[in-house]
Amino acid sequence: MRRRGPGRWALNAVLLVVAVLWLGPYLWMVLGSFKSLKDIMNAPMAPLPSSFQLEAYAEVFRSIPVGRYLLNTTVMALLIAGMQIALALPAGYALAKLRFVGRGGAFLAVMACLLIPAQVTFVPVFLMLAQVGLVNTMTALVLPFGASALGTFMVRQALLSVPDELIEAARLDGASELTIVYRILGPMLAPTLASLFLLSFVFHWNDYFWPLVMTTDETVRTMPLAVALLREQGTGVRWHIVMAGNVILSGPALLVFALAQKHLLRAVAARR
Amino acid sequence: MLRPRHRLHPYLFLAPTLAVLGLFFLFPLALAAYRSVFRWDLLTPPRYVGLAHYERLFASGEITRALGTTVSYAIVVVIGSMVLGLLLALAVNRTGRFVAFVRSCVFSAYVVSWVSVALLWMWMLDADAGLVGRACKAIGIGESGLLTSPETALYALAGVTVWKITGFSMVVFLAGLQDIPEELYEAASLDGAGPLSRFAHVTWPSLRPTTAFVGTTSLIVSFQAFDIVRVMTQGGPTHSTTVFVYAIYEHVFMNLRAGRASAMVVVFFGVLLLLTLIQLWAWRLGRKSG
Amino acid sequence: MTVDRRSVLRGLAAAALGGTVGCGRDPLARGRQSVSLWFSYGGKNREVLERMVARYNASQQAVYVQATFQGDYFEALAKLRTAIVAGAAPAMSHVVGEVVPYLHEAGVLEPLDGYPGASDLGLVRALAQEGTYTPMEPKPLVALPFNRSTPILYWNGSMLEKARLTVPDTWDALRDAAKALTNRSGDRVSTWGLECPISWWFWIALMGQAGGEVMRQDGYPLLGEEAGVDALQLWQRMVHEDRTMRPPPGRDYNAWQVTNQDFLAGRAAMIYTSTAFLRYLEDNATFPVRAAPLPGFRRRAVPTGGTFFVVMRGAPEGEKRAAWDFLRWMMLPDQTIEWATSTGYMPVATAAVTRLEREGFYVKSPNDRVAMDQLQHAMPWPWAASLFRVQRECVDPRLEEAVLARRDARELLAEARKQAIEDT
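Nothing here was measured: the structure is a model prediction, and the numbers come from that model. (Residues numbered from 1 in each chain as written. Chains lettered and ligands numbered in written order. Predicted model: local features only at pLDDT ≥ 70, side-chain atom pairs only at ≥ 80, totals over all residues.)

### A few points about the overall build of chain B
Tallying secondary structure elements over chain B gives 13 helices and two strands in all. Taken along its principal axes, the extent of the C-alpha atoms in chain B is 75 × 70 × 35 Å. By residue count, 47% of the 290 residues in chain B fall in the buried class. Relative to all contacts within chain B whose residues are 6 or more apart in sequence, the contacts with residues 24 or more apart total 67%. (Helix = DSSP H or I, 4+ residues; strand = E, 2+ residues; numbered from the N terminus. Buried ≥ 20, exposed ≤ 12 C-beta atoms within 10 Å, placed from the backbone. Contact = placed C-beta atoms within 7 Å.)

This is how it looks when you write it as structure tokens:
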């Protein structure tokens, strides 16, 4: 659809407003993180700080072990995403390519789990893990999400379009089933797996609910949780400190987005 | 379809996945149903109470209130993000660096965490210290704070949610738009159809499956809302933002009522099941005309 | 617009340190009995507590206290209870007074009578466990007072002078003073006469002043009966009829923060809040801050507030002994004085109070005296396991409704009473 003249300008103006609406708050957040408490309280409408201060960041680093939290969060998200792919490949393969008794039932069971969000399971899971003393461990954060119903489904869908002959040929060549799954089909499914990995990594990196419920101290606490705690300080909301924490929290996600933009967009669009 | 090399292979391949899913999704659901007939505060032994929790939940109107709050929130979120998403998709459906930049801006909100967005907007909407909050006060709305008045709090939350997820619907709609073959438009133009008519007769019908997908995804997302409520309003003021999941959380962690929370979980699952059936029906509807 | 170089350097240093602080273990901890303390309430209180814990750790070789911040009181309590269930509870924490009976009846608190020195701690009776509760039968010692407070009336010294008022000491005087101090032009109010968080603690105070009791000895939730209604109606009248009172927005302690901010910014002439904020308000105000006891109605009355230290029964023996050592140290006059004078909470050791009086502390800071003097009107809490539930589930949610939505107070309290009887 090509348009010239005033229509084009009007559209660009609208797009500019849109960009401001979505980018503006972030800029405000970053600028806010450099303000001092006085700026926040006395001149809330002024965009620029009276002088750029790193006070807020110093306070954030003083009150929470940022390095550890970022590490915890990244490790947890990597483990989850990695495990999900490792489990989804064989499961998807079995459901897509192998004939066996109970295949329909297994497929149904997997799909049923798509319906059950974490908010439904957290109470029993918390109590289960509590009884074996696994609350507040990395296991509690990773294991429950080790298998992805969605991931299994996506792998199955992708494998359905792989010709059976390929697998037969590989078998004839003497490849073991595991080799076929991980060494042959895996790479073939790279785009699907990349999508799955990205979506899962981002989702779990940002997860607030599960770590909130499953951690009781800072050993395996994650970044979103820690930054949310900044808000609860007791004697007055110090927005500049909260925003500094927020910049640290959203920085990595935005960075990954900037680098992997195309893949993320494709991953989202492909899920239709 | 192939025969497995070894009889046990399929079961071995599925075992880890089914074990994890079974242990952490299916089993807990059954456990919740079991616990919902007990009264248990986690510290003292449980006491059997039969269906008392369900009776109390429905009789006291708590379920209706939680559902009502969630549905009001969901309606604003779904309609808002779908309409905005579609409009934005139409606007950015062209090449150009500026357009790509705008696309990224809008989508970036989808990538950051809910906590991030919640904290940012808590500040922005604050009646005393926030840019948007003060601007609104100046034009007469939200005198006592958009997030702290019972009438506006839920809609403020919905607005922030729309801000965050519109990027997702925009991208999905965009992909749907780009799937529409150019020939359909050309044929319509040759028939003398103007831009509005082209939209109504070519674009909209072709987008039906996409619309169904976006609609039901936003619906499910809004029914599972928790982070934003926990960080921004903690269910208040006067319970006006206590959506379903938050109500369950409150019962477990604030009130230590594991039995009642389990009953709510069972009801919640029922609601989700219903929503999914609606999703399937909408999908089938889209398929038929697609 | 300048870049403050010092703050840049400080920021970089903190960043470098912050990246490693979490990963390293305090060298002081090596070879000692480690014991964990979960604490809540950040800001100034957090600083002072962390300072005192560091001093304790440095002052002896046997015990190392690891203090972890857990959010506000309610969030921390939720985490504590779930941690107890998960078997991951710390050895010690501090909890609001209202929940101590519940925790004791649930059997999770360690009785402390048997520990060395427990019988002569020399605590101020009204602030210690024995004076805070009226149990039907004697209970073991399970809680040691930590940050104890009463609500007081703060007023903006310059505003009161300008309006040439005396400090109100009855409800009627309060309403009159609020009317005189409220500054409004049309619909916009630049100064509110009174601001008070709509929450349980302050409602209990008003209910007590109206002559009521929250619970009978057997646990029946009276909720003040008529007095409870009087209390709510005072708020309703001041907010909706006189329009001199601002109910601060926000859930739980968020509202308390707003109250403080409004006071400091001159948007509220008088506020009801805890004596705990005394130091914070005095330090940050640009006007003289005066404190006064809460006005009375049929009588003077205030609840006590704040938290008690508790030790978990389920903790290992070594940790419990270490916890006791730390808590014993915290009860010494030196420590209670440091805590009280740095914050505004009340010193809990009688020797501390005598020393402060002797040193003329109360002459120099008469504001600190207010809470101590009010103790003579302190209302004890009933030792009821259901007290906490009644507060959080039945009463607190309804108070907001009564004041903001202006629902009938009698009806609401009757509902609360019914729910308390059915549910708890």
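Having seen the model, we can carry on.
### So, the overall build of chain C
Across its full length, chain C holds 18 helices and 16 strands. For chain C, the C-alpha radius of gyration of 22 Å lies close to 22 Å, the compact-globule estimate for 424 residues. Principal-axis analysis of the C-alpha atoms places the extent of chain C at approximately 65 × 65 × 45 Å. Here the contacts in chain C between residues at least 6 apart in sequence split such that 75% fall between residues at least 24 apart. (Rg over C-alpha atoms; globule rule 2.2 N^0.38 Å.)

### As for the packing of helix 6 (residues 118-131) of chain A against helix 1 (residues 9-35) of chain B
Where helix 6 of chain A contacts helix 1 of chain B, the axes come no closer than 8 Å and their chain directions differ by 80°. One way to sum up the angle between helix 6 of chain A and helix 1 of chain B is to call them roughly perpendicular. On the side of helix 6 of chain A, the interface is formed by Val120, Thr121, Val123, Pro124 and Val125 of chain A, while helix 1 of chain B contributes Phe24, Phe25, Pro28, Leu29, Leu31 and Ala32 of chain B. (Axes fitted to C-alpha atoms, helices over the stretch in contact; angles between N-to-C directions. Parallel < 35°, antiparallel > 145°, perpendicular 65-115°, else oblique.)

### Section: the environment of Ile228 of chain B
All names here are of chain B. Mapped onto the secondary structure, Ile228 falls in helix 11 (residues 227-232). For Ile228, a count of 24 C-beta atoms within 10 Å corresponds to the buried category. Setting aside anything within four residues of it in sequence, one finds Ile228 in contact with Trp114, Ala118, Leu157, Val160 and Thr161.

### So, the domain arrangement of chain C
Residue and element names in this part refer to chain C. You can read the domains of chain C as domain 1 (29-149 + 305-377) and domain 2 (151-303 + 386-423). The C-alpha centroid of domain 2 is placed 27 Å from the C-alpha centroid of domain 1. The partner domain 2 presents 25 residues to the 24 residues of domain 1 that form the contact. Secondary-structure elements contributing two or more residues to the side of domain 1 that touches domain 2 are helix 4 (100-105), strand 6 (144-149), strand 14 (305-311), helix 13 (333-343) and helix 16 (366-374). Residue contributions to the side of domain 1 that touches domain 2 peak at six residues, all from helix 16. Considering only residue class, the side of domain 1 that touches domain 2 consists of nine nonpolar, 10 polar and five charged. (Domains from an automatic or database assignment. Nonpolar A, V, L, I, M, F, W, Y, C, P; charged D, E, K, R; others polar.)

### Observations regarding the confidence of the model for chain C
Predicted coordinates in areas of low pLDDT are best not read in detail. Residue and element names in this part refer to chain C. The pLDDT averaged across chain C works out to 86; a share of 93% of its residues lies at or above 70. Ignoring residues within four places in sequence, the model shows residues 1-11, a span with pLDDT below 50, making 19 contacts including any to other chains. This model gives residues 13-24 a pLDDT under 50, and the stretch forms 19 contacts once residues within four places in sequence are excluded. Scored by ipTM, the complex comes to 0.83, with pTM at 0.83. (pLDDT = per-residue confidence, 0-100.)

### Let's talk about the interface of chain B and chain A
Listed as interface residues are 69 residues of chain B and, on the opposing side, 71 residues of chain A. With 16 residues, helix 1 of chain B is the largest single contributor of residues to the side of chain B that touches chain A. Within the side of chain B that touches chain A, the residues separate by chemical class into 54 nonpolar, 11 polar and four charged.

### A closer look at unusual backbone geometry
Residue and element names in this part refer to chain C. Of note, the phi angle at Leu223 is positive, near 55°, even though the residue is not glycine. Residue position: Leu223 is located in the loop between helix 8 (200-209) and helix 9 (226-241). Overall, the presence of 26 C-beta atoms within 10 Å leaves Leu223 in the buried class. Of note, Arg406 is a non-glycine position whose phi angle comes to about 55°, a positive value. Structurally, Arg406 is set in the loop between helix 17 (387-404) and helix 18 (409-423). The exposure class assigned to Arg406 is exposed, which follows from the 11 C-beta atoms found within 10 Å.

### Here's the deal with the nonpolar core
Where a protein is soluble and globular, its nonpolar side chains tend to be buried together. In this structure, Val60 and Phe126 of chain A, Ala118, Leu157 and Ile248 of chain B together with Met270 and Val310 of chain C are the most contacted members of the largest nonpolar core, which totals 308 residues. The dominant element in this core, judged by the number of residues it contributes, is helix 4 (residues 66-97) of chain A, at 17 residues. (Core = buried A, V, L, I, M, F, W, Y, C linked by C-beta atoms within 7 Å.)

### Brief notes about the pairing of strand 7 (residues 151-156) of chain C
All names here are of chain C. With six of six residues buried, strand 7 lies mostly within the body of the structure. Of the two faces of strand 7, the one carrying Pro151, Leu153 and Trp155 and the one carrying Ile152, Tyr154 and Asn156 are both buried. Of the pairings in the sheet, the one linking strand 7 to strand 11 (residues 268-274) comprises five bridges and is antiparallel in character. Bridging from a neighbouring strand, Pro151 pairs with Ser274 of strand 11. (Pairing = 2+ DSSP bridges.)

### What about the sheet that holds strand 2 (residues 33-39) of chain C?
Sheet strands pair by backbone hydrogen bonding; their relative direction is either parallel or antiparallel. Residues and elements named next belong to chain C. Taken in spatial order, the five strands make up an open sheet running 3-2-4-14-6, and their pairing is mixed. In this open sheet, the two strands that pair with only one neighbour each are strand 3 (63-69) and strand 6. With direction set aside, neighbouring strand axes in the sheet form an average angle of 25°. Bridge count between strand 2 and strand 3: seven bridges; the pairing is parallel. Along strand 3, the bridge assignment pairs Leu37 with Ala67. The sheet contacts of helix 2 (residues 43-59) involve strand 2, strand 3 and strand 6, and relative to strand 3 the element is tilted by about 165°.

### Here's the deal with the pairing of strand 6 of chain C
All names here are of chain C. Burial within strand 6 is extensive, with six of its six residues counted as buried. Where strand 6 meets strand 14, four bridges bridge the pair, whose relative direction is antiparallel. Counterpart to Ser149 in the pairing with strand 14 is Gly305.

### Some remarks on helix 10 (residues 177-188) of chain A
All names here are of chain A. Compared with the 16 Å implied by 1.5 Å per residue over 12 residues, the 15 Å span of helix 10 between its first and last C-alpha is a close match. Listed as buried for helix 10 are Glu177, Ile180, Val181 and Leu185. For helix 10, the angular spread of buried residues about the axis comes to 90°, placing them on one side. Exposed and facing more than 90 degrees away from the buried side of helix 10 are Arg183 and Pro187. (Expected span 1.5 Å × (residues − 1). Arc of directions from axis to C-beta.)

### Digging into the environment of Val66 of chain A
Residue and element names in this part refer to chain A. Structurally, the position occupied by Val66 is in helix 4. Judged by the 24 C-beta atoms lying within 10 Å of it, Val66 falls in the buried class. Once the C-alpha coordinates of Val66 and Ala226 are considered, the two residues, 160 residues apart in sequence, prove to be 8.6 Å apart.

### So, helix 1 of chain B
The end-to-end C-alpha distance of helix 1 of chain B, which contains 27 residues, comes to 37 Å, matching closely the 39 Å that a straight helix rising 1.5 Å per residue would cover. In helix 1 of chain B, a bend of some 45° at Gly22 of chain B exceeds every other bend along the element. (Bend = angle between axes of the 7 residues up to and from the residue.)

### Topic: the confidence of the model for chain B
For chain B, the average pLDDT comes to 86, and 97% of its residues sit at 70 or higher. Model confidence for chain B, summarised as mean pLDDT per element, is weakest for helix 13 (residues 258-289) of chain B at 80 and strongest for helix 3 (residues 62-92) of chain B at 92.

### Concerning the environment of Pro168 of chain C
Residues and elements named next belong to chain C. Turning to its location among the elements, Pro168 is positioned in the loop between helix 6 (157-162) and helix 7 (171-181). Judged by the 21 C-beta atoms lying within 10 Å of it, Pro168 is buried. Along the chain, Pro168 and Glu415 lie 247 residues apart, while their C-alpha atoms are 33 Å from each other.

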